[in-house]
Amino acid sequence: MTDAAELRRRTQEFLAAHPPAGTTRPDFLSARFDAGLAWVHFPPGLGGLDAPRSLQAVVDAELEAAGAPDNDPRRIGIGLGMAAPTILQYGTEEQKRRFLKPLWTGEEVWCQLFSEPGAGSDLAALGTRAVREGDHWVVNGQKVWTSSAHLARWAILIARTDPDVPKHRGITYFLCDMTDPGVEVRPLRQITGEAEFNEVFLTDVRIPDSRRLGEVGDGWRVAQTTLNNERVAIGGMRLPREGGMIDPVSRTWRERPELRTHDLHQRLLKLWVEAEVARLTGERLRQQLVAGQPGPEGAGVKLAFARLNQEISGLEVELRGEEGLLYDDWTMRRPELVDFTGRDAGYRYLRSKGNSIEGGTSEVLLNIVAERVLGLPAEPRTDKDVAWKDLAR
């Protein structure tokens, strides 16, 4: 069993053999993965040491103190937070060895081809079709709201492989090469002015059966691993005290006393406390992950994340008064990441509107919390046992 002292020793020996100042960033990250210090809870040979997940903090602290480069996790968050745990759980050994290392080092960026124009909140109603032809699947359809599709080399994709069974049972999960013929990415310009999201059109895209993840028709179960990890990745990110969206509004309050009113003070105090409660709840959830895979509890954390971001950013705009109506840059851009705290109050206000949609709408997540966490009766579902092809669309 690897303990903290052993892991600290391993990390120090690794740093001695690969000093950050004298090692290129790609070489350092590659060597770190091979040494099992990428994600220590993964198996040996796949970036880990089969150590407790909680010991990752020991490695990270040693590397940070030494000034070591990281893998720019915000840029590759979909790969790290969604694709990697799904590939680890359902992938073949060949798939794990092919995809996990370049995913972790950032050499290959990933995106998520799940939502569709007619299947967002009701994801299981998706209509993108995958038809088998020999050792390949031919995929046709459209996906939407795809973050990082303009940067991605690979995508996690779910498609309908059997329209003759109920919607949850006819889905299969694939790994799609975004450079393949027939994959077209188009930008979606948002209210912020940026095109951070995309729509993706798939026209006769041929995916080898070797890039299928899990069994044919079992894609919904595989996707649940992705979705549960996605909610934790979005809503349960590690923050310092007074970190995240509450940070800029708190700093403005301290530095601009002329903007203060009693009403704004009361609202800020309330949101500050709620943000701290959400931060500590996220920390508790991460500790629970040490014992296994994330469950439906992540939906509650993501719900709080969306609501707080929207309320805090709204308060910040009000606090700044006329200044809050200003906006720094409406230029059409296709950014590599979302930078909430690096932009102005107007950007935070506009961008946070998407927090209650992306990663599962708040309405759907409320149902998940009600049914799977609180054990309340499920909503009536008239389409549960109806073949997908017979559903009204």
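## Quick notes on the pattern of salt bridges
For the structure shown, the criterion picks out 42 salt bridges. Close ionic contact of Arg 75 with Glu 336 constitutes a salt bridge, the shortest N to O distance being 3.2 Å. In this pair, Arg 75 is assigned in the loop between α3 (56-65) and α4 (77-90) and Glu 336 in the loop between α9 (297-320) and α10 (345-351), connecting sequence segments 261 residues apart. With a relative accessible area of 25%, Arg 75 lands in the partly exposed category. The exposure class assigned to Glu 336 is partly exposed, which follows from its relative accessible area of 42%. Notably, a salt bridge pairs Arg 206 with Glu 133, separated by 3.2 Å at the nearest N-O pair. Highlighted residues: Arg 206 in strand β7 (residues 197-208) and Glu 133 in strand β2 (residues 129-133), separated in sequence by 73 residues. Judged by its relative accessible area of 40%, Arg 206 falls in the partly exposed class.

## Some points on the pairing of β2
Two strands pair when backbone bridges link them, and β2 and strand β3 (residues 136-143) are joined in this way by five bridges, in the antiparallel orientation. Looking at the pairing, Arg 132 lines up with Trp 137 of β3. Counting the residues between successive antiparallel strands, the hairpin from β2 to β3 contains two residues, one of them, Gly 134, with a positive phi of roughly 65 degrees.

## Some details on the pairing of strand β4 (residues 154-160)
For a regular strand, side chains alternate in direction, first toward one face of the sheet and then toward the other. Where burial is concerned, most of β4 is hidden: seven out of the seven residues are buried. Neither face of β4 is open: one carries Trp 154, Ile 156, Ile 158 and Arg 160, the other Ala 155, Leu 157 and Ala 159, and all of them are buried. Pairing between strand β1 (residues 110-113) and β4: four bridges, direction parallel. For Cys 111, the partnering residue across the bridge sits in β4 and is Ala 155.

## Quick word on unusual backbone geometry
Phi is positive for Asp 204, which is not a glycine, with a value near 50 degrees. As for its position among the elements, Asp 204 is in strand β7. A positive phi angle, close to 60 degrees, is found at Glu 242, a residue other than glycine. For Glu 242, the location among the structural elements is in the loop between α6 (219-235) and α7 (246-255). Using a relative accessible area of 18% as the deciding quantity, one classes Glu 242 as buried.

## Here we look at the environment of Val 386
Among the structural elements, Val 386 can be located in the segment after α11 (362-373). Val 386 gets classed as partly exposed once you look at its relative accessible area, which sits at 29%. Counting along the chain gives 220 residues from Val 386 to Pro 166, while the straight-line C-alpha distance between them is 5.1 Å.

## Concerning the packing of aromatic side chains
Scanning the entire structure with this criterion turns up eleven aromatic pairs. Seen in terms of ring centroids, Trp 110 and Trp 154 are 6.2 Å apart; in terms of plane orientation they differ by 25 degrees. Their pairing is stacked. In this pair, Trp 110 is assigned in strand β1 and Trp 154 in strand β4, connecting sequence segments 44 residues apart. Judged on exposure class, the residue Trp 110 and its partner Trp 154 are both buried. Centroid distance Trp 145 to Phe 197: 6.3 Å. Interplanar angle 85 degrees. Geometry classified as edge-to-face. With Trp 145 in the loop between β3 and β4 and Phe 197 in strand β7, this pair connects stretches of sequence that are 52 residues apart. Taken together, Phe 99, Trp 110 and Trp 154 form an aromatic cluster joined through their ring pairs. For Arg 343, the ring lying beneath its charged end belongs to Tyr 347, and the centroid distance is 4.2 Å.

## Observations concerning the packing of helix α1 (residues 4-17) against α3
The N-to-C vectors of α1 and α3 enclose an angle of 35 degrees; their axes lie 9 Å apart at closest approach. Crossing geometry of α1 relative to α3 is assigned as right-handed. Contacts from Ala 4, Leu 7, Arg 8, Thr 11, Gln 12 and Leu 15 of α1 reach α3 at Val 58, Val 59, Glu 62 and Leu 63.

## With respect to the nonpolar core
Grouped together as the largest cluster of nonpolar side chains are 34 residues, with contacts concentrated most on Trp 39, Trp 110 and Tyr 173. Where this core is concerned, the elements lending two or more residues are α2 (25-34), α4, α5 (93-105), β4, β5 (171-177) and α6. It is α4 that contributes the most residues to this core, six residues altogether. When near neighbours in sequence (up to four residues on either side) are disregarded, Trp 39 contacts Phe 33, Leu 46, Gly 47, Gly 48, Gln 56, Leu 80, Ala 84, Leu 100, Leu 103 and Trp 104. Formed by 20 residues, the second largest nonpolar core is a distinct cluster that contains Cys 111, Ala 130, Trp 137 and Leu 157.

## Considerations on a nonpolar patch on the surface
Together, Val 373, Leu 374 and Leu 376 line one region of the surface with nonpolar side chains, adding up to about 270 Å² of accessible area. Tracing the backbone shows Leu 376 in the segment after α11. Overall, the relative accessible area of 45% leaves Leu 376 in the partly exposed class.

## Notes on α4
Under the 1.5 Å per step criterion, the end-to-end length of α4 is 19 Å for 14 residues, consistent within 8% with the ideal 20 Å. In the structure, α4 departs most strongly from a straight axis at Ala 83, where the bend amounts to approximately 40 degrees and where the proline Pro 85 lies between one and four residues downstream. Looking only at α4, the buried set comprises Ile 78, Gly 79, Gly 81, Met 82, Ala 83, Ala 84, Pro 85, Thr 86, Ile 87 and Tyr 90.

Reading the values: rules and limits
Residues numbered from 1 in each chain as written. Predicted model: local features only at pLDDT ≥ 70, side-chain atom pairs only at ≥ 80, totals over all residues. Heavy atoms only, no water. Salt bridge = Lys/Arg side-chain N within 4 Å of Asp/Glu carboxyl O. Helix = DSSP H or I, 4+ residues; strand = E, 2+ residues; numbered from the N terminus. Buried < 20%, exposed > 50% of the residue type's maximum accessible area, 1.4 Å probe, protein only. Pairing = 2+ DSSP bridges. Phe/Tyr/Trp six-rings, centres within 6.5 Å; stacked < 30°, edge-to-face > 60°. Lys NZ or Arg CZ within 6 Å of the ring centre and 35° of its normal. Axes fitted to C-alpha atoms, helices over the stretch in contact; angles between N-to-C directions. Left-handed = near helix turned anticlockwise from the far one by under 90°. Contact = heavy atoms within 4.5 Å. Core = buried A, V, L, I, M, F, W, Y, C linked by side-chain atoms within 4.5 Å. Patch = residues over 30% accessible without salt bridge, like charges linked within 9 Å, V, L, I, M, F, W, Y side chains within 5 Å. Areas by Shrake-Rupley, 256 points an atom, 1.4 Å probe, with all protein chains shown as cover. Expected span 1.5 Å × (residues − 1). Bend = angle between axes of the 7 residues up to and from the residue.

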